[in-house]
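An overview of the molecular structure
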Amino acid sequence: MATSLRSPAFPSCSSASTGTDDEGVRGTCEDASMCKRFAVSLGYWHDPYIQHFVRLSKERKAPEINRGYFARVHGVSQLIKAFLRKTECHCQIINLGAGMDTTFWRLKDEDLLPRKYFEVDFPVIVTRKLHSIKVKPFLLQPIIELHSEDPLQIDGHLLDSKRYAVIGADLRDLPELEEKLKKCNMNPQLPTLLIAECVLVYMTPEQSANLLKWAANSFDPAMFINYEQVNMDDRFGQIMIENLRRRQCDLAGVQTCKSLESQKERLLSNGWETASAVDMMELYSRLPQAEVSRIESLEFLDEMELLEQLMQHYCLCWATKGGHELGLKEITY
C-alpha cells in the first residue's frame, strides 16, 4: 500500500558532502535539530538544552519519527557511556558533524565528562551554534565553570576552553582538521572516541575511507561510533534517496550502506580491529521494556509497519582499535 512507502528519513547534521550539495547537507542539520526538539517537547527524553539551539516546530512530527530519534539518541548515548566507563573518563571525545548536539552539557550534568569534548562541523553551522552559546547564559555558564583562569577563546568559527571545543572545519580536508584539533589541545595519546551520525553517507566512499583511516592511525586506543542508513538497495531505500535528492541532498556514500556487513567491512578495511553493527529495529527490540512502554504511551502509532520499515533502514555501528587492557572489545549494545 502507498503509505507503507512513506519515507521520513531521519536527517542529521554533517560537515561533509560533495561540491554543490554542501548547502543541502547543511539544511539537514536544521531538520534533525527540529525533530529532536519536537520529540523532547513530547517527553521522549530529557534535554533542557536543545530548546536553546532550535525553535519548536509548528509542524507535528510523525510518531515513527519520534520513536526513531529516541532509539538513535538512546543507542548512541549507551555506547558513549560504555566507553566513558571503560576509560573512567580518562579520554577525549570528538563528535564529527555535531551540529546542534547537546551531549557535552548532558554528560556534564551526569558527571561523566571526558578530559575534553570536541565538536567539528561546517563553519557556518559552528557560527550559529556559537552565537547561541554566547548569548544564552544557560549554555555558556557550564563551559565557564570548567574553564581555567585564562580568557575563554570564542570567535566566529571557534570555541576553545579547558573541557570543550567547537571547531569549524571540513571533514574532507584532513590536514586542516588535524591542525585545528591540535590547536585546541587534542591529545593523540588519550583513549579517543569518535562519533559520526549521518555524516559518512554524505561523503564519497574514498573520502569516508580516508577519514576512517586517519582516525584509526591517529588514535590508539580508539573507538568509532557511526549511525547512518543501511539496506538501501530495496524500494524503500530508493525512495529515501529520491526524497533527499529533491532537496539537493545527495547521498554520495550510499553504496557503502547496502547491508550491516558492508558497514562493518568498511570499518575493518580501514584500520579498525573489531566492528559491530545492528539495525535500529533490532536495537529498538532490545530497549528496556519499561522505556518502550513509556514512550509508546506518549502517542498512538496506527501502523507498526511504518516504524519497522524506517528503523530497518538505519543502523548503529561501532568499531575499536587497541584498548585491550581497557576492555574496549567488550563494549556492545
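What you see is a predicted model, and the numbers here were worked out from it, not measured in a lab.

About the criteria used
Residues numbered from 1 in each chain as written. Predicted model: local features only at pLDDT ≥ 70, side-chain atom pairs only at ≥ 80, totals over all residues. Heavy atoms only, no water. Phe/Tyr/Trp six-rings, centres within 6.5 Å; stacked < 30°, edge-to-face > 60°. Buried < 20%, exposed > 50% of the residue type's maximum accessible area, 1.4 Å probe, protein only. Helix = DSSP H or I, 4+ residues; strand = E, 2+ residues; numbered from the N terminus. UniProt positions renumbered as here; feature names shortened; annotations may be inferred. Core = buried A, V, L, I, M, F, W, Y, C linked by side-chain atoms within 4.5 Å. Contact = heavy atoms within 4.5 Å. Pairing = 2+ DSSP bridges. Axes fitted to C-alpha atoms, helices over the stretch in contact; angles between N-to-C directions.

The subject of this paragraph is the packing of aromatic side chains. Tallying each qualifying case throughout the model produces eleven aromatic pairs. Ring geometry for Phe104 versus Trp105: centroids 5.3 Å apart, planes at 80°, classification edge-to-face. Neither residue differs from the other here; Phe104 and Trp105 are each classed as buried. Ring geometry for Phe104 against Tyr164: centres 4.1 Å apart, planes inclined by 15°, an arrangement best described as stacked. Of this pair, Phe104 sits in helix 3 (residues 103-109) while Tyr164 sits in strand 5 (residues 164-168), placing them 60 residues apart in sequence. Across the pair, exposure class does not vary: Phe104 and Tyr164 are buried alike. Here the aromatic residues Tyr49, Phe53, Phe104, Trp105, Tyr117, Phe138 and Tyr164 are joined through ring pairs into a cluster of three or more.

With numbering aligned to this structure, UniProt lists the feature "binding site: S-adenosyl-L-methionine" (unreviewed entry) at Arg72, Gly97, Asp170, Leu171 and Glu197. In summary, the annotated positions, distributed over 126 residues, remain apart in three dimensions as well, the widest C-alpha pair reaching 24.3 Å. As for its position among the elements, Gly97 is in the loop between strand 1 (92-96) and helix 3. With relative accessibility at 5%, the residue Gly97 sits in the buried group. If you trace the backbone, Leu171 turns up in the loop between strand 5 and helix 6 (174-183).

A few words now on the nonpolar core. Counting residues in each nonpolar core, the largest one holds 79 residues, and the members touching the most others are Ile80, Trp105, Ile133, Tyr164, Tyr284 and Leu316. For this core, the element with the most residues is helix 2 (residues 63-87), which contributes eleven residues. Those residues in contact with Tyr284 that lie beyond four places of it in its chain are Arg67, Ala71, Val292, Ile295, Glu296, Met304, Leu307 and Met311. Residues Leu96, Leu177, Ala215 and Cys317 belong to the second largest nonpolar core, which totals 34 residues.

A word on the sheet that holds strand 5. Pairing within the open sheet is mixed, and its nine strands lie in the order 3-4-5-2-1-6-7-9-8. Strand pairing shows two members of the sheet lacking a second neighbour, strand 3 (153-155) and strand 8 (274-279), which therefore form its edges. Strand-to-strand twist in this sheet, taken as the mean axis angle between neighbours without regard to direction, amounts to 15°. Pairing of strand 4 (residues 158-160) with strand 5 involves three bridges; the strand directions are antiparallel. Paired with Leu159 across the strands is Val166, a residue of strand 5. Along the sheet, helix 2 contacts strand 1, strand 6 (192-197), strand 7 (222-229) and strand 9 (314-321); its crossing angle with strand 6, the most-contacted strand, is approximately 170°.

Turning next to the environment of Lys162. Position of Lys162 relative to the elements: it lies in the loop between strand 4 and strand 5. Along the primary structure Lys162 and Leu200 are separated by 38 residues, whereas in three dimensions their C-alpha atoms are 29 Å apart. Excluding its chain neighbours within four sequence positions, the residues that come into contact with Lys162 are Arg115, Lys116, Leu146, His147 and Ser148.

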